[in-house]
Amino acid sequence: MMQRALITGCNGFVGSALVARLQAAGVEVRGVDRADSSDVLDPKHYLAGDLTDAAFVGEVISSSRVDCIVHLAAQASVKRSFDDPVGTLSDGTLPTLHVLEHLRRSGTKARVLLVGSADEYGISNELGRMPIPEIHPVHPTSPYALAKSIQNQYGVMYGALYGVDTVMTRSFNHTGPGQREDFVLASFARQVAEIRRGKRKPVMHVGDLDVRRDFLDVRDVCGAYLVLLEKGRRGETYNVCSGNSYRIRDLLEKMCDLAGVQVAIEVDPSRLRPVDMRELRGDPSKIREHTGWEARIPIEETLRSMLEDWDRKLAA
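Presented here is a report on the structure given in the accompanying data block.

Procedures and definitions
Residues numbered from 1 in each chain as written. Predicted model: local features only at pLDDT ≥ 70, side-chain atom pairs only at ≥ 80, totals over all residues. Heavy atoms only, no water. Helix = DSSP H or I, 4+ residues; strand = E, 2+ residues; numbered from the N terminus. Rg over C-alpha atoms; globule rule 2.2 N^0.38 Å. Buried < 20%, exposed > 50% of the residue type's maximum accessible area, 1.4 Å probe, protein only. Contact = heavy atoms within 4.5 Å. Lys, Arg positive; Asp, Glu negative; His and termini not counted. Charge placed at Lys NZ, Arg CZ, Asp CG, Glu CD. Axes fitted to C-alpha atoms, helices over the stretch in contact; angles between N-to-C directions. Parallel < 35°, antiparallel > 145°, perpendicular 65-115°, else oblique. Left-handed = near helix turned anticlockwise from the far one by under 90°. Nonpolar A, V, L, I, M, F, W, Y, C, P; charged D, E, K, R; others polar. Core = buried A, V, L, I, M, F, W, Y, C linked by side-chain atoms within 4.5 Å. Pairing = 2+ DSSP bridges. 1 Å grid on protein atoms, 1.4 Å probe; cavity = no way out; pocket = protein on both sides within 12 Å on 5 of 7 lines; lining within 4 Å. Points joined across faces, edges and corners; volume = space filled by probe spheres on them. Expected span 1.5 Å × (residues − 1). Arc of directions from axis to C-beta. Phe/Tyr/Trp six-rings, centres within 6.5 Å; stacked < 30°, edge-to-face > 60°. Lys NZ or Arg CZ within 6 Å of the ring centre and 35° of its normal.

### A few points about the overall build of the protein
Here comes step 1: In terms of helices and strands, the protein carries 10 helices and 14 strands.
Here comes step 2: For 316 residues, the compact-globule estimate of 2.2 N^0.38 gives 20 Å, and the protein sits close to it at 19 Å.
Here comes step 3: Taken along its principal axes, the extent of the C-alpha atoms in the protein is 60 × 50 × 40 Å.
Here comes step 4: The proportion of buried residues among the 316 residues of the protein is 52%.
Here comes step 5: Long-range contacts, defined here as pairs at least 24 residues apart, represent 78% of the contacts in the protein between residues at least 6 apart.
Here comes step 6: Between the centroid of the 41 positive side chains of the protein and the centroid of its 43 negative side chains there is a distance of 2 Å.

### Focus: the packing of helix α2 (residues 54-64) against helix α4 (residues 85-106)
Here comes step 1: Running from amino to carboxyl end, α2 crosses α4 at an angle of 60°, the nearest separation of the two axes being 9 Å. With respect to α4, the axis of α2 lies oblique. Like other packed secondary-structure pairs, α2 and α4 cross with a definite hand, here right-handed. Touching Ala54, Val57, Gly58, Ile61 and Ser62 of α2 are His98, Val99, His102 and Leu103, all from α4.
Here comes step 2: Classifying every residue of the contact of α2 with α4 gives 5 nonpolar, 4 polar and no charged.

### A short note on the nonpolar core
Among soluble globular proteins, nonpolar side chains are generally buried collectively.
Here comes step 1: Ile7, Leu22 and Tyr225 are the most contacted members of the largest nonpolar core, which has 32 residues in total.
Here comes step 2: For this core, the elements supplying multiple residues, two or more each, are β1 (4-8), α1 (13-24), β4 (68-71), β5 (111-117), α7 (218-231) and β11 (237-240).
Here comes step 3: Broken down by element, the residue count for this core peaks at 8 residues, all from α7.
Here comes step 4: Sequence-distant contacts of Tyr225, defined by excluding residues within four places in its chain, comprise Val14, Leu18, Leu72, Leu113, Val115, Thr169, Ser171, His174 and Val240.

### Brief notes about the pairing of β4
Look at any regular strand and the pattern is simple: side chains alternate between the two faces of the sheet.
Here comes step 1: The side-chain alternation of β4 yields two buried faces, one formed by Cys68 and Val70 and the other by Ile69 and His71.
Here comes step 2: One ladder, built from 4 bridges, connects β1 with β4; its direction is parallel. Along β4, the bridge assignment pairs Ile7 with Val70.

### As for empty space enclosed by the protein
Empty space left among the atoms is revealed by rolling a probe the size of a water molecule over them.
Here comes step 1: Inspection of the entire model under this criterion finds 4 cavities of 30 Å³ or more.
Here comes step 2: For the largest cavity, the calculated volume is near 140 Å³.
Here comes step 3: Lining the largest cavity are 16 residues; nearest its centre among them are Asp119, Thr141, Arg273, Asp276 and Met277.
Here comes step 4: A per-class count over the lining of the largest cavity returns 9 nonpolar, 3 polar and 4 charged.
Here comes step 5: What the second largest cavity holds in volume is close to 40 Å³.
Here comes step 6: Contributing to the lining of the second largest cavity are Leu6, Thr8, Val32, Leu51, Val57, Val60, Ile61, Ile69 and Val99.
Here comes step 7: Every element with two or more residues in the lining of the second largest cavity is listed here: β1 and α2.
Here comes step 8: A total of 3 residues in the lining of the second largest cavity trace back to one element, the largest contributor, which is α2.

### A word on helix α8 (residues 248-259)
Note: α-helices contain 3.6 residues per turn, so residues at a spacing of three or four share the same orientation.
Here comes step 1: Relative to the 16 Å expected for 12 residues at 1.5 Å per residue, α8 spans 17 Å between its end C-alpha atoms, a close match to the ideal helical length.
Here comes step 2: Of the positions making up α8, those classed as buried are Ile248, Leu251, Leu252, Met255, Cys256 and Ala259. The arc that holds every buried residue of α8, seen down its axis, measures 140°, which confines them to one face.
Here comes step 3: Buried positions along α8 lie against α6 (184-196), β8 (203-206), β9 (212-213), β12 (246-247), β13 (264-267) and α10 (299-315).
Here comes step 4: Downstream of α8 by a residue or two, Gly260 has a phi angle that is positive, lying close to 70°.

### Focus: the sheet that holds strand β14 (residues 279-280)
Here comes step 1: An order of β12-β9-β14 is seen for the 3 strands of this open sheet, with the pairing classed as mixed. Two strands lie at the open edges of the sheet, namely β12 and β14, each paired on one side alone.
Here comes step 2: Pairing analysis gives 2 bridges linking β9 to β14, with the strands arranged parallel. Within the sheet, the bridge partner assigned to Arg213 lies in β14 and is Leu280.

### Notes on the packing of aromatic side chains
Here comes step 1: Counting across every chain of the model gives 2 aromatic pairs.
Here comes step 2: When the ring of Tyr121 is compared with that of Phe172, the centres are 6.2 Å apart and the planes differ by 40°; the resulting orientation is tilted. One end of the pair, Tyr121, is in the loop between β5 and α5 (143-162); the other, Phe172, is in the loop between β6 (166-171) and β7 (174-175), and 51 residues separate them in sequence.
Here comes step 3: Take Phe172: its relative accessible area is 1%, and that puts it in the buried class.
Here comes step 4: Ring centres of Tyr158 and Tyr162 lie 5.0 Å apart, and the angle between their planes is 55°; on these two criteria the pair is classed as tilted. Residue Tyr158 and its partner Tyr162 are both found in helix α5; the two are separated by 4 residues, about one turn of the helix.
Here comes step 5: The ring of Tyr238 has Lys286 lying over it, and the distance from NZ or CZ to the ring centre is 5.1 Å.
Here comes step 6: Note that Lys313 overlies the ring of Trp310, its terminal NZ or CZ placed 4.5 Å from the centroid.

Keep in mind these values describe shape, not function.
Shown next, in the form of structure tokens:
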């Protein structure tokens, strides 16, 4: 049973939810992020700094004395990665390498969960093969996906060559209350909530509504990461997914129905990706067989909670 965990990127969407989940389970949590302070951790359990600095990474791990690390810190926007490929690749790979190298050199015995992305699968000649298993070839089509794919390979290599206790994920789309509005369903939730309150004209600005994605509630995602820390097999990569895919247009319509609003649709070219896969749906068989985990929160509950969250923010 883990007793003390280190979360990199602890101030982020998943990081803050995971901190709360670990603390509720009685785990002492240490966190690191770039901001000067943290809203989710006591100052004595929080360090601020740049994880692309190897010396800082070593200091964080040495001073934290943890038995597990969840590495979330990275530039998280696919769209932004096309505009800043160098920054995305640096943020997405150097911290991982520094964490693994410190563990190798110091001999620190801590399990490391390296959180990757389903975007690593990209677009391939096997486009019709859904759901996607972990053995599917990877074909990164964005700097973000490439950074995650490199991270995965670091984890496999350090586990195989040096005995570092690594477990990797390829996490499919996740969402929920508190997500930044540059992510699709969070953007919808804010726009719909504003329309319902009369703060916006009933016009939705959208990207491609006809792609299909495998969405998870962030609470299910945190549950998956906890069981992988406990039961994931060393050196293995796991899809964190539901096995279901949803058309973005259908989720928008469902959100509007929940809010009781009618809207017009306007496509915003800035919200379109240069390259996009028409469907991305994962096979959760491996994580279910190895750990017993499966997604439990219905998509309707997730959408409703996001609308309620934005409604509270707008009311405040």
